[in-house]
Amino acid sequence: MRLATAEINLTALAHNLAQVKRFAPNSKVMAVLKANAYGHGLVKIAQHLNDADAFAVARIDEALALRAGGLTKPIVLLEGFFNKDDLPILLANNFQTIIHDEYQLAALEEAELEAPLLCWLKVNTGMHRLGIAPEQFDEFYKRLQKTPNANNTVNLMTHFACADDVNNTKTVQQISQFDCLVNNINQAHCLSNSAGIIAWPNAHGDWVRPGLMLYGVSPMANALGEQHQLKPVMRLTTRVIAVRHVPANEAVGYGGRWKSDKATQLAVVAMGYGDGYPRHAKEGTPVVIGKQRYGIVGSVAMDMISVDIGQNEHNIKVGDRVTMWGPELPVEEIAQCADTIPYELLCNITPRVSYEYQP
Ligand SMILES: *Cc1c(COP(=O)(O)O)cnc(C)c1O
């Protein structure tokens, strides 16, 4: 009997990619697969994204793992390279690099490569994380055009800070600043993450970079109830491993932090922070057993969580399946109960969890 299991619905994944294309019909798609495809399994997910035009990852190791897995699409390194010795590896593996800083451009200029690399020049329009200043754009663009180590095609990129909030005018400013800089330059433009794809249609550009929405999760702030016709790809499940009666006013679990004011039953489920379930999920965070929701009580432990199923529940027994999140219980909701974001919950899944890929 499998306990903690991430069931991955590959039909939902394909549906979500199609949904990206419905939102941005004129853009190419760079599927973002960083952090083990947001916890869904890097190579397996990539193998089922045939309709994507390219893949994007954060680190070179992730890109090499895709190649080792037999995947041949172009791969974009979203943070670029950190060491000039990596440049021949990029070239040999058909990796494309972001250029976001002077040290990267200088290293590229100084390298002796057998062929040019395809580069994406990243401009900071207000995120203030990676990217050159708008004032540096002309200089960087010219130098990239000049060096024989960069392809004459230099794609142009920026990244949004607040696209998940439709009322935030910062995104409008970022779009217009980027457009002003690059409008007259006949190269591919790329601005939008998932939230940009869903909420900012005038920022779709030539390429889009969906991450979270591919996995069927809404990137929008206050996402609850608005699924944008996405289908959750992951269902995190486990099993009931004990059912016990507790009398009223008896402290339960580590630190005795919880007691029921009336006699009740607890279902103990095999899931904890050792599987990646958030330790800070608060009392009442829902799980689904059968078709019904119940709330967790006490502290989330490494291996187990107690669920209050009430005194009169007689059908729940050892071995019953429990859904921690999934189509019937949005991970967005669990994230809210744990004061975090769905991104973190998905990529925190630990190696102890088994994966089951379903066609
Ligand atoms: C992670 C990332 C994305 C994808 O963001 P989502 O919100 O998951 O769609 C896009 N672009 C860059 C630069 C990223 O780092």
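The structure displayed is predicted, hence computed values, not measured ones.

In this section: the pattern of salt bridges. Counted under the stated rule, the structure contains 12 salt bridges. When the shortest N-O distance is used, the salt bridge between Arg2 and Glu356 registers 3.0 Å. Separated by 354 residues along the polypeptide, Arg2 in the segment before strand 1 (5-9) and Glu356 in strand 18 (residues 354-358) bring together distant segments of the chain. Of the residues examined, Arg2 reaches a relative accessible area of 42% and is grouped as partly exposed. Between Arg293 and Glu333 there is a salt bridge, and its shortest N-O distance comes to 2.7 Å. Here Glu333 lies in helix 10 (residues 331-337) and Arg293 lies in strand 15 (residues 292-297), a separation of 40 residues in the sequence.

Per the UniProt entry, the sites bearing "binding site: substrate" (unreviewed entry) are Arg129 and Met302 in this numbering. For the annotated residues, spread through 174 residues, the largest C-alpha to C-alpha distance comes to 34.2 Å, inconsistent with a single compact locus. Within the secondary structure layout, Arg129 lies in the loop between strand 6 (117-122) and helix 7 (137-146). Structurally, the position occupied by Met302 is in the loop between strand 15 and strand 16 (305-308). Given a relative accessible area of 43%, Met302 falls into the partly exposed group.

With that settled, the discussion passes to the pairing of strand 14 (residues 286-289). Of the two faces of strand 14, the one carrying Pro286 and Val288 and the one carrying Val287 and Ile289 are both buried. Here strand 14 pairs with strand 15 via four bridges, running antiparallel. What sits directly across from Val288, in strand 15, is Arg293. Once strand 14 ends, the chain turns through two residues before running back antiparallel as strand 15, passing Gly290 with a positive phi of about 65°. With two bridges connecting them, strand 14 and strand 17 (residues 321-325) associate as antiparallel partners. Its bridge partner being in strand 17, Val288 is matched across the sheet by Thr323.

So, about the nonpolar core. Taken as a class, soluble globular proteins show a tendency for nonpolar side chains to be buried jointly. Grouped together as the largest cluster of nonpolar side chains are 112 residues, with contacts concentrated most on Leu33, Leu49, Phe55, Leu121, Tyr277, Ile289 and Trp325. At five residues, helix 1 (residues 10-23) tops the list of elements feeding residues into this core. Taken domain by domain, the makeup of this core includes at least three residues from each of domain 1 (10-218) and domain 2 (234-358). Among the nonpolar cores identified, the runner-up in size contains five residues, and Val246, Trp258, Leu266 and Val297 belong to it.

Before going further, it helps to examine the site of the ligand. Around the ligand, the structure places 13 residues, and the nearest of them are Lys34, Tyr38, Ser194, Leu212 and Tyr343. Contact between the ligand and Leu212: an oxygen atom at 2.8 Å from a main-chain N or O atom of the residue. Within the side chain of Tyr343, a nitrogen or oxygen atom sits 2.6 Å from an oxygen atom of the ligand. Here the shell around the ligand is composed, by residue class, of six nonpolar, four polar and three charged.

Let us now look at the side chain of His189. With respect to the helices, strands and loops of the structure, His189 is situated in strand 8 (residues 189-190). Given a relative accessible area of 12%, His189 falls into the buried group. Looking at His189, its side chain comes within polar contact range of the main-chain oxygen of Ile185, at 3.3 Å. Filtering out sequence-adjacent residues up to four positions away, His189 remains in contact with Leu156, Phe178, Val182, Asn183, Gly205, Asp206 and Trp207.

Attention now moves to helix 4 (residues 60-68). All buried positions along helix 4 are accounted for by Ile60, Glu62, Ala63, Leu66 and Arg67. Within helix 4, the buried residues cover an arc of 160° as seen down the axis, which keeps them to one side. Exposed positions of helix 4 whose direction lies more than 90 degrees from the buried face are Asp61 and Ala68. Buried residues along helix 4 sit in contact with helix 2 (34-39), helix 3 (42-47), strand 3 (54-57), strand 4 (75-77), helix 5 (87-92) and strand 5 (95-99). Directly beyond the C-terminal end of helix 4, a positive phi value near 90° is found at Gly70.

A word on helix 1. In a regular helix each residue adds 1.5 Å, so 14 residues correspond to 20 Å; helix 1 covers 20 Å between its end C-alpha atoms and thus fits that length. Turning to helix 1, its buried residues are Leu10, Ala12, Leu13, His15, Asn16, Leu17, Gln19 and Val20. Measuring from the backbone nitrogen of Thr11 back to the side-chain oxygen at the start of helix 1 gives 3.0 Å, which picks out Asn9 as the cap.

Let us now look at the domain arrangement of the chain. Segmentation of the chain into domains returns domain 1 (10-218) and domain 2 (234-358). One C-alpha centre belongs to domain 1, the other to domain 2, and the line joining them spans 37 Å. Taken together, the contacts link 12 residues of domain 1 with 10 residues of domain 2. Roughly 1,000 Å² is buried in total at the junction of domain 1 and domain 2, and carbon and sulfur atoms are behind 67% of that figure. Our count for the contact surface shared by domain 1 and domain 2 stands at zero salt bridges. Summed over the shared surface of domain 1 and domain 2, the number is four residue pairs in polar contact (both at pLDDT 80 or more). Every element with two or more residues in the side of domain 1 that touches domain 2 is listed here: helix 1 and helix 2. Ranked by residues supplied to the side of domain 1 that touches domain 2, first place goes to helix 2 with four residues. The class makeup of the residues in the side of domain 1 that touches domain 2 is five nonpolar, six polar and one charged.

Procedures and definitions
- Starting from 1, residues in each chain are numbered consecutively following that chain's sequence as written.
- Where local features are concerned, this predicted model is filtered to residues with pLDDT of at least 70; where side-chain atom pairs are given and counted, the filter is 80 or more; whole-chain, interface and lining totals use all residues.
- Excluded from the side-chain calculation are hydrogens and water; included are all heavy atoms of the structure.
- Salt bridges are defined as contacts in which a side-chain nitrogen from Lys or Arg sits within 4 Å of a carboxyl oxygen from Asp or Glu.
- Helix numbering and strand numbering both begin at the N terminus, where a helix is a DSSP run of H or I of at least 4 residues and a strand a DSSP run of E of at least 2.
- Note on exposure labels: buried denotes an accessible area under 20% of the residue type's maximum, exposed denotes more than 50%, and partly exposed covers the range between, all computed with a 1.4 Å probe on protein chains only.
- UniProt positions are given in the numbering used here, feature names are shortened, and annotations may be inferred rather than shown by experiment.
- Two strands qualify as a pair provided DSSP detects at least 2 bridges between them.
- By nonpolar core we mean a set of buried residues, namely Ala, Val, Leu, Ile, Met, Phe, Trp, Tyr and Cys, connected to one another through side-chain atoms within 4.5 Å.
- An automatic or database domain assignment provides the domain bounds reported here.
- Nearness here has a simple test: a residue counts as near a molecule or strand if at least one of its heavy atoms is within 4 Å of that partner.
- Pairing of N or O atoms within 3.5 Å defines a polar contact, subject to two protein rules: one partner must be a possible hydrogen donor and the other a possible acceptor, and residues neighboring in sequence count only if both atoms are side-chain atoms.
- Gly is placed with the polar residues, together with every amino acid not listed as nonpolar (Ala, Val, Leu, Ile, Met, Phe, Trp, Tyr, Cys and Pro) or charged (Asp, Glu, Lys and Arg).
- Throughout, a residue-residue contact means that at least one pair of heavy atoms, one from each residue, lies within 4.5 Å.
- Our arc is simply the arc of the directions from the helix axis toward the C-beta atoms.
- Given a helix with a known number of residues, its expected span is that number minus one, times 1.5 Å.
- In short, buried area is how much 1.4 Å probe accessible area vanishes from two parts on joining, totalled over both.

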